[in-house]
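# Summary of structural features
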Amino acid sequence: DIHFDLVDHDKVHNFRIQKQTPLNLFKEEVAKEFGIPVQFQRFWIWARRQNHTFRPNRPLTPQEEAQTVGALREVSNKAHHNAELKLFLEVEHGPDLNMLPPPEKNKEDILLFFKLYDPDKEELRYVGRLFVKSSTKPSEILEKVNEMAGFASSQEIDLFEEIKYEPSVMCDPLDRKASFRSSHIEDGDIICFQKRPPPESEGQVRFPHVPSYLEYVKNRQIVHFRALERPKEDEFCLELAKNHTYDDVVEKVAQHLGLDESSKIRLTPHNCYSQQPKPNPIKYRAVDHLLGMLVHYNQISDILYYEVLDIPLPELQCLKTLKVAFHHATKDEAIILNIRLPKPSTVGDVINEIKTKVELSHPSAELRLLEVFYHKIYKIFPMHEKIENINDQYWTLRAEEIPEEEKNLGPNDRLIHVYHFTKDSAQNQAQQVQNFGEPFFLVIHESETLAEIKARIQKKLQVADEEFLKWKFAFLSLGRPEYLEDSDIVSSRFQRRDVYGAWEQYLGLEHSDTSPKRAYSNQLQNRHTYEKSVKLYN
């Protein structure tokens, strides 16, 4: 079987026929299908040009007319390297629209196709074709072209050659005083024309000439904008152009939102694979054109996310914003703070900023900043550490008051990690340890028993006696619990001195996770999971 594309003016018809079928029999099929008698049919071979466009190249020769469709496909393959046979069907009509036999054609004759552009309607449409002599000039066929469009014979028109559309539009004015041959016009070329705009019409239409309209058609892009905090819902759509600059795009968004300062718009690209916003927004003027904002690997998205900032984006980019959960010494609920400071700032500057925003247990209270992930404390940030490299996307930042007892550690005291955990028997026979809740530090003394430590933990966490009796206590190293008795000296298990990096060794509090989940914990945990999945795709 051969797939057969037949082009009749601006319509494409598909056939599937046996390759040994003679072309004459195929012509009879066309006559039956479209009511075009065989004697009025003339078929042309298409050719692929050097600029990668396809145009009808020449009529079939009498020898080719006598061949089978399969043999003709071999001829076609040489012309445009395609397994399908593509032909153009030329049908001639007289003034009364009756069909006529195809006119004689010699090497001097050129078949041209004509499109009419209307700038008011922003419409470019096919209006017909003409055979012209290659030695003639465009100025000599203006009356025929006007007649084709239904214009007065004296109508002033501008002519353009539509050369190519990919990878960029090429549509040049046609010199009406030069011959078609000298302008390199040949069979299958496309001539676009329009009424010559009067001088006073300038500025009244968006695309006054054919080239500007073709540029518009090639680059137009409908973009769906979503608020970043509601990433599943389209807020509005804008018709933009792929070659719009960064400034063009944010200006259009600002206009739609009724904002005076487009620099307060921040955009985030779409991840085509995860169907989520990418984790990093677009920096100010970091992408040249809209197309660069929409491309994700080999796909082009039509979604962008936007935020309206309280300060211009260039200013914001000089600042570092950290999301910090502040834990009060005596209150259960954490406060979520967005701390915004210049990038060269230190953790000490963050602490000072937090002090201006929260209520402390006493005026001289000291704070520290922790890095928490999956209910474990991984780091206490030194005061001198620069904040520019601190990442709050994958870790929870926690600020808290430093208890007085930690400030006066004796030589044999230990500062240990204390984590809540349960054991999930569904994971495997070894029962997987699952941490939950808020981790904390605890000072233990050299000879202190578990019973004494339990009393302090119960008071610190304010757990009722009935519930606390159900709790078990264990020393955990690398996830393996060793359960402790009330008489055990706990400090003997913790011999490491570099406790701040010792999250793999901790005192575990085993009990059911019945406490209400803090909203911020769930939110941050979900964000970690989401952003880790996004990271896989970026």
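Residues numbered from 1 in each chain as written. Predicted model: local features only at pLDDT ≥ 70, side-chain atom pairs only at ≥ 80, totals over all residues. Heavy atoms only, no water.

Note the following rule: UniProt positions are given in the numbering used here, feature names are shortened, and annotations may be inferred rather than shown by experiment.
By the naming in an unreviewed UniProt entry, the chain goes by ubiquitinyl hydrolase 1 and is assigned to Erythranthe guttata. Recorded in UniProt for the chain, the comment headed Catalytic activity (unreviewed entry) runs: "Thiol-dependent hydrolysis of ester, thioester, amide, peptide and isopeptide bonds formed by the C-terminal Gly of ubiquitin (a 76-residue protein attached to proteins as an intracellular targeting signal)."

## Regarding the overall build of the chain
For clarity, the threshold we go by: Strands here are runs of E lasting at least two residues and helices are runs of H or I lasting at least four, both read from the DSSP assignment and numbered beginning at the N terminus. Two residues qualify as a contact provided that any one of their heavy atoms is within 4.5 Å of a heavy atom in the partner residue.
A tally of helices and strands in the chain yields 13 helices and 29 strands. Intrachain contacts of the chain at a sequence separation of at least 6 include 63% that bridge at least 24 residues.

## Things to note about helix H1 (residues 23-34)
Note the following rule: For a helix, the expected span equals 1.5 Å multiplied by the residue count minus one. Note on classification: 1.4 Å probe, protein chains only; a residue is buried when its accessible area is under 20% of the maximum for its type, exposed when over 50%, partly exposed between these limits. The arc refers to the directions leading from the helix axis to the C-beta atoms.
The end-to-end C-alpha separation of H1 is 16 Å, in line with the 16 Å expected for twelve residues at 1.5 Å each. Within H1, the full set of buried residues consists of Leu-23, Phe-26, Lys-27 and Val-30. Seen along its axis, H1 keeps its buried residues to an arc of 105°; they face one direction. Taken from the residues just after H1, Gly-35 is the one with a positive phi, measuring 70°.

## Remarks on the pattern of salt bridges
Selection rule: Salt bridges, as used here, are contacts in which a Lys or Arg side-chain nitrogen is within 4 Å of a carboxyl oxygen on Asp or Glu.
This structure, assessed with the given rule, holds 36 salt bridges. With its nearest N and O atoms 2.8 Å apart, the salt bridge here joins Arg-196 to Asp-158. Here Arg-196 is found in the loop between strand S12 (190-195) and helix H5 (210-219), whereas its partner Asp-158 is found in strand S10 (residues 157-164), with 38 residues between them in sequence. Given the relative accessible area of 38%, Arg-196 is considered partly exposed. What makes Asp-158 buried here is its relative accessible area of 15%. Connected through shared salt-bridge partners, Arg-368, Arg-398, Glu-400, Glu-406 and Glu-438 make up one network.

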